[in-house]
Amino acid sequence: MNKKILAAALAGCLSGPAMAAALCDGLPRLNVTTPAGFCVGMLADGMKFPRGVLPLTNGDVLVTDMAGWTANQGKLWLLKRQADGKFERKLLLDKLDRPNGIVQGPDGMVYVGVVGRIFRFDLRDPATITDVIGGTAKTPRLPGLGLHLLTTMRFSPAGDLYVNVGSSTDHCEGKDGKAPDASKPCASGEGKEALGAIREYKMAWPAGTVTSWSTHVHGLRNSMALAFHPASGALWQAENARDAIQAAMPQLKSDEDLPHEELNLIRAGQHYGWPYCYDNNVASPEYPKTDCAARYTAPQRLLPGHAAPLGMTFYTASRFPATYKNSLIIGYHGYRANGHRLVALLPDASGAPLGKSVELIGNWERRGKQGRGAPVDVKQGQDGDIYLADDHNGLVLKLHYEAPAR
């Protein structure tokens, strides 16, 4: 653990002479605001650009570290839990092309998303990797183009793989930055190989090979946050909505809250409106004559503008209070006012994540050596805690509930 960050954590969190006040489940405690009974512990610091986390059943944690936006500099780390509860870092793979998503498949193998490609490996032999999409696999590579080239994926309850294909542009602007032609569809966002989409890859088990693929839904600018509902099995998506709307709408004094991010319920074959519409099916300024309500699927709820949801998971464990059961826990990565926090969207009467939004980590600001938070991937661990990566500060964290497990 970096001594400067550790010292800052200790200094910022002590509320009296008792050193235990600076710890969270035996780990250095992050100086943030949480609901009563919760705290945030630091598993690791000093990473360059950690993005994906995967807690394993034995208490270890895998972490993808992009190391920045330069190609082929990324790493895959194993944080190995020690007898004293601390974590020892071990390098498993190096020179990866901007690794981001990491999940465990129905076969127990680890699946890693890099630019244009998804590969897998057995934890017993991490050096031996097999391409599933792109690379040497028969299934063509992912586009990996433009502004949103990172790979995020989730396995469905049926064992099929759903993969984000981010848009190459912000709002389908041309290479010169000029607005698109409002009389024509956005070419990159339409068709079988559309960008700004989610792909469905049908999988054969136990082989773990792709048998076919299709564009599952269109019109989603960047689907970094994906999660399957534990009861219904439905896929939910948190949308990273467009930027630069103020440039097209000079009457706005600020675009701080426009457009809102979105929470979408994903249904096969639907189009969710990017780049033609924003918010609750409002026509984009570049496409002012679009009949959004007639043509496109509206979001289930609006999220704070520019919050940048980059990771989320449904909470199914029993460690946290019963209030949070089946809630959708989302990391807001954004650098503007609505970012740098972790929230839980509580279930409504039907079980959908449309109830009250509760802030689980807030006041995540700069304090001495501690930087403002920027959560990315969010996963539930075997211990019932929530694990997350903070790429701005090079941290791997966990939200721990200190009260006895229920």
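Looking up the protein in an unreviewed UniProt entry gives the name Glucose/arabinose dehydrogenase, beta-propeller fold, with the organism given as Janthinobacterium psychrotolerans.

J.: How would you summarise the sheet that holds strand β21 (residues 301–305) if you had to cite specific residues and measurements?
T.: The strand order across the open sheet built from four strands is β16-β17-β18-β21, with neighbouring strands paired in antiparallel fashion. Taken across any chain shown, the strands that pair with only one partner, and hence form the sheet edges, are β16 (225–228) and β21. Sheet twist, expressed as the average angle between the axes of neighbouring strands with direction ignored, equals 20 degrees. In this sheet, strand β18 (residues 260–266) lies alongside strand β17 (residues 235–239) in antiparallel orientation, the contact comprising five bridges. Paired with W236 across the strands is L265, a residue of β18.

J.: Describe the side chain of D377, and please don't skip the residues or the numbers.
T.: Here D377 is to be found in strand β26 (residues 375–380). Of the polar contacts made by the side chain of D377, one reaches the backbone nitrogen of V53; its length is 2.9 Å. Not counting residues up to four positions away in its chain, the partners in contact with D377 are R51, G52, V53, I102, R154, G311, Y387, L388 and A389.

J.: Outline the packing of aromatic side chains, listing residues and values.
T.: Evaluated as defined, the whole model comprises 13 aromatic pairs. Aromatic pair F38 and Y401: ring centres 4.7 Å apart, planes at 50 degrees, arrangement tilted. You can see F38 sitting in strand β3 (residues 38–44) and its partner Y401 sitting in strand β28 (residues 395–401), a full 363 residues away along the chain. Across the pair, Y401 and F38 agree in class, each one buried.

J.: Describe unusual backbone geometry, listing the residues and the values that go with them.
T.: A cis geometry characterises the amide bond from W205 onward to P206, with omega recorded as 10 degrees. Take P206: it is sitting in the loop between β14 (197–204) and β15 (209–218). L258 connects to P259 through a cis peptide bond whose omega is -10 degrees. In this structure, P259 sits in the loop between α2 (245–248) and β18. Notably, A67 is not glycine yet its phi reads approximately 65 degrees, a positive angle.

J.: Any details on the pattern of salt bridges? Residues and values, ideally.
T.: Where charged atoms of side chains with opposite charge meet at close range, the side chains can pair. In total, this model carries 22 salt bridges according to the counting rule given. Among the salt bridges present, the one from R336 reaches D255, with a minimum N-O distance of 3.1 Å. Of this pair, R336 sits in the loop between β23 (328–332) and β24 (341–345) while D255 sits in the loop between α2 and β18, and the two are 81 residues apart along the sequence. Classification of R336 as partly exposed rests on a relative accessible area of 29%. Each of D25, R319, D383, D385 and K398 takes part in salt bridges that share partners, so that together they form one network.

J.: Account for the state of the cysteines, with residues named and values stated.
T.: Under the defined criterion, the tally for this structure stands at three disulfides. Paired by a disulfide, C24 and C39 hold their sulfur atoms 2.0 Å apart. Judged by the torsion about the S-S bond (80 degrees), the C24/C39 disulfide is right-handed. A residue pair is termed long-range when its members are at least 10 positions apart, and C24 in strand β1 (residues 23–24) and C39 in strand β3 qualify at 15 residues. In this pair, the class of C24 matches that of C39, namely buried. Disulfide connectivity for the protein, with bonded cysteines indexed by sequence position, reads 1-2, 3-4, 5-6.

J.: So what about the nonpolar core? Which residues, and what values?
T.: If you look at the biggest cluster of nonpolar residues, it comprises 24 residues, and the most contacted ones within it are F320, Y324, I329, I386 and L399. For this core, the secondary-structure elements that each account for two or more residues are β3, β24, β25 (357–361), β27 (386–390) and β28. Sort the elements by how many residues they give to this core and β28 lands first, with four residues. Ranked by size, the runner-up nonpolar core spans 17 residues in total, among them V103, M109, M153 and L161.

J.: Got a sec to walk through the sheet that holds β25? Specific residues and values, please.
T.: The strand order β22-β23-β24-β25 describes an open sheet built from four strands, whose pairing is antiparallel. Edge positions in the open sheet fall to β22 (309–314) and β25, since each of these has one partner strand only. On average, each strand axis in the sheet is inclined to that of its neighbour by 25 degrees, with strand direction left out of account. As paired strands, β24 and β25 are joined by four bridges and run antiparallel to one another. In the strand pairing of β25, A344 is matched with V358.

J.: Break down the pairing of β18 for me, with residues and values.
T.: Extensive coverage of β18 is indicated by the burial of six of its seven residues. Across four bridges, β18 lies against β21 in antiparallel orientation. When the bridges of β21 are listed, E261 appears paired with L303.

Each value, and the rule that gives it
Residues numbered from 1 in each chain as written. Predicted model: local features only at pLDDT ≥ 70, side-chain atom pairs only at ≥ 80, totals over all residues. Heavy atoms only, no water. Pairing = 2+ DSSP bridges. Helix = DSSP H or I, 4+ residues; strand = E, 2+ residues; numbered from the N terminus. Axes fitted to C-alpha atoms, helices over the stretch in contact; angles between N-to-C directions. Polar contact = N/O pair within 3.5 Å; in protein donor to acceptor, adjacent residues only side chain to side chain. Contact = heavy atoms within 4.5 Å. Phe/Tyr/Trp six-rings, centres within 6.5 Å; stacked < 30°, edge-to-face > 60°. Buried < 20%, exposed > 50% of the residue type's maximum accessible area, 1.4 Å probe, protein only. Salt bridge = Lys/Arg side-chain N within 4 Å of Asp/Glu carboxyl O. Disulfide = S-S within 2.5 Å. Core = buried A, V, L, I, M, F, W, Y, C linked by side-chain atoms within 4.5 Å.

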